[in-house]
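Structural characterization, general
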Amino acid sequence: MNQIILHHYPFSTFSEKVRTALGYKGLAYQSVEIAGLPPRPLLAPLTGGYRRAPVLQVGADIYCDTNIILPALDRLHPAKPLYPKGSEGVAQGLGFAWERQMWVPTIGVLVHYIGEHIPPEFIKDRKEGYLMIDISKEAMAPQFAQHLQFVRGQLAWLKQALAARPFLFGDAPSAADLACWQTIFLLRKNCPPEVDALLGLAPLVPWYERIAAFGHGLPTTATAEAAFEAARAAQPAPVTHLAPNGDPGGLLAGCPVVVTPDDNARVPVRGTLVAASDTEVIVHRRDAQAGDLHIHFPRLGFDVVAA
Ligand SMILES: N[C@@H](CCC(=O)N[C@@H](CS)C(=O)NCC(=O)O)C(=O)O
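Cut-offs applied
- The numbers attached to residues start from 1 for each chain and follow its sequence in the written order.
- It should be noted that, the model being predicted, local features are given only for residues of pLDDT at least 70 and side-chain atom pairs only at 80 or more, the latter also being counted only at that level, while totals for whole chains, interfaces and linings use all residues.
- Calculation of side-chain values draws on the structure's entire complement of heavy atoms; hydrogens and water are dropped beforehand.
- The helix and strand labels rest on DSSP assignments: H or I over at least four residues marks a helix, E over at least two residues marks a strand, and numbering proceeds from the N terminus.
- Exposure is judged per residue with a 1.4 Å probe applied to protein chains only, and the accessible area is read against the type maximum: over 50% gives exposed, under 20% gives buried, and values in between give partly exposed.
- Under this definition, polar contacts are N or O atom pairs within 3.5 Å; protein pairs additionally need one hydrogen-donor-capable and one acceptor-capable atom, and for neighbouring residues in sequence, both atoms have to be side-chain atoms.
- Contact criterion: two residues are considered in contact whenever any of their non-hydrogen atoms come within 4.5 Å of each other.
- To be near a molecule or strand, a residue needs just one of its heavy atoms within 4 Å of it.
- The Shrake-Rupley method, run with a 1.4 Å probe, gives the accessible areas here. Residue values count only the displayed protein chains as cover.
- Each cavity reported here is a set of points on a 1 Å grid over the protein atoms alone in which a 1.4 Å probe fits but cannot get out, each pocket an open set with protein on both sides within 12 Å along at least five of seven lines, and each lining residue one with an atom within 4 Å of a point.
- By definition, a pocket or cavity contains a molecule when more than half of the molecule's atoms lie within 2 Å of the pocket's grid points.
- Any residue that is not Ala, Val, Leu, Ile, Met, Phe, Trp, Tyr, Cys, Pro, Asp, Glu, Lys or Arg is counted as polar, Gly included; the first ten are nonpolar and the last four charged.
- Ring pairs are drawn from Phe, Tyr and Trp, using the six-membered ring of Trp, whenever the two centres fall within 6.5 Å, and their geometry is named by plane angle: stacked under 30 degrees, edge-to-face over 60, tilted for the rest.
- Each pair of strands is called paired provided DSSP finds at least two bridges between the two strands.
- Salt bridge, as used here: a side-chain nitrogen of Lys or Arg that lies within 4 Å of a carboxyl oxygen of Asp or Glu.
- Note on geometry: axes are C-alpha line fits, over the in-contact stretch for helices, and angles between N-to-C directions span 0 to 180 degrees.

Attention shifts here to the side chain of Asp 125. Relative to the helices and strands, Asp 125 resides in helix α5 (residues 120–130). Since its relative accessible area comes to 14%, Asp 125 is described here as buried. Side chain to side chain, Asp 125 and Arg 51 meet in a polar contact 2.9 Å long. Beyond its immediate chain neighbours, meaning those up to four positions away, Asp 125 contacts Leu 37, Pro 38, Arg 51 and Tyr 130.

Laid out in structure tokens, this is it:
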């Protein structure tokens, strides 16, 4: 089997979610460090332009978005599931909803503490190419009170849910735990310790530490060139887990499609539909240098339309 390659950067908290999933599963992988903002010249041809981090690669199969990366890890390495049996649907839905709603308010709390240290070129990139909002401390300050209320309101139910069990679904962690954990990680990792009191995090600390203890698995440093060569040398894996022509919107395999995130970093990825379901979509692209690629996206959070 082709090796797992993770394209990521250290301060990317969605990447931390995947690193921690790899840690929980105890998996070995090649770690390719990418820049914290574009250009990423050897990654963009593999993703067809999708610009967010992280990206997981297995040969010529490219997984964009943590909500397809974690299911792919479970499919390829079923031991220690991230979607524990019986809780798969809730783990998916809860993780998606939490991240979607918490991301901007969490950044609001982050910049309240450390906004003055964020370089102007980073703020410009996040405004023009990613979130389409100004995340400078001054621009976010008027909403700080609302962001804080929102984050505390979400944390309140998380605290209730975790009061009587080690993880959200019992004794084993799930993708939902990792989704909730990663936004808290962003704050605890970067803000001064006062953030714990501001957010009332104390009851969550044992759960937080249990997840942090999973570590990052077994990474080996690799170059972007080596990852690109791995894609070029491989062929996409045959798709056996999705029904042919199973697209709920009626798109047929072989038809040209455009896949675009529906929230931020809305760069369209063009290709030919390989297979789709209510939960995922796979697109074929042929890159002049990298050759044939299958690019995998979650369905929820992306618009898929005929080209
Ligand atoms: N829904 C995406 C969100 C990924 C995301 O927003 N990642 C951040 C980094 S933590 C990002 O891509 N920032 C802009 C960039 O790095 O280009 C996922 O689950 O992977």
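Right, picking up where we left off after that structure.
Moving on, we get to the environment of Pro 41. Along the chain, the position of Pro 41 falls in the loop between β2 (28–33) and α2 (44–47). Here the alpha-carbon distance between Pro 41 and Ala 176, two residues 135 residues apart in the chain, equals 32 Å.

Next up on the list: the site of the ligand. Near the ligand there are 13 residues, and of these Tyr 9, Arg 51, Ala 53, Thr 66 and Tyr 130 occur at the shortest range. Here an oxygen atom of the ligand and a side-chain polar atom of Arg 40 are 2.9 Å apart. For the ligand, the accessible surface in isolation is 500 Å², of which the surrounding protein chains cover 95%. A majority-of-atoms criterion places the ligand in the largest pocket. Grouping the amino acids of the shell around the ligand by side-chain chemistry returns 4 nonpolar, 4 polar and 5 charged.

A word on the packing of aromatic side chains. Throughout the structure, instances matching the rule amount to 11 aromatic pairs. Summarising the aromatic geometry, the rings of Phe 14 and Trp 103 are spaced 4.9 Å apart at their centres and angled 80 degrees between planes, so their arrangement reads as edge-to-face. In this pair, Phe 14 sits in helix α1 (residues 13–25) while Trp 103 sits in helix α4 (residues 88–114), placing the two residues 89 residues apart along the sequence. The same class applies to Phe 14 as to Trp 103, namely buried. Grouping aromatic residues by their ring pairs yields a cluster made of Tyr 9, Phe 11 and Phe 122.

Burial analysis of strand β6 (residues 256–261) places 5 of its 6 residues in the buried class, which makes it a mostly covered element. Taken together, the 4 bridges between β6 and strand β7 (residues 269–276) define a ladder with antiparallel strand orientation. Residue Val 258 lies in a different strand from β7, and its bridge partner there is Arg 270. Note that β6 and strand β10 (residues 302–306) share 5 bridges and pair antiparallel. Of the residues in β10, the one forming a bridge with Val 259 is Val 304.

Our next topic: the pattern of salt bridges. Taken as a whole and judged by the stated rule, the model has 17 salt bridges. Among the salt bridges present, the one from Glu 99 reaches Lys 17, with a minimum N-O distance of 2.8 Å. Note that Glu 99 is positioned in helix α4 and Lys 17 in helix α1, a separation of 82 residues in sequence. Classification of Glu 99 by relative accessible area gives buried; the value is 4%. Residue Lys 25 is joined to Asp 74 by a salt bridge in which the shortest nitrogen-to-oxygen separation is 2.8 Å. Here Lys 25 is found in helix α1, whereas its partner Asp 74 is found in helix α3 (residues 66–76), with 49 residues between them in sequence. The class of Lys 25 is buried, set by a relative accessible area of 10%. Asp 74 sits in the buried class, given a relative accessible area of 13%.

The next subject is the sheet that holds β2. Reading across from one edge, β5-β2-β1-β3-β4-β9-β8-β7-β6-β10 is the order of the 10 strands in this open sheet, with mixed pairing throughout. Two strands in the sheet have a free side with no partner beyond their single neighbour: β5 (218–221) and β10. Shown here is a sheet whose adjacent strand axes are inclined to one another by a mean of 35 degrees, direction ignored. Note: strand β1 (residues 4–8) against β2, 4 bridges, orientation parallel. Residue pairing across strands places Ile 5 opposite Gln 30, the latter belonging to β2. Set on the sheet, α1 makes contact with β1, β2 and β3 (55–58); between it and β1 the angle comes to about 155 degrees. Across the sheet, α3 touches β1, β3, β4 (61–64), β8 (280–287) and β9 (291–298), and the angle it forms with β4 is around 135 degrees.

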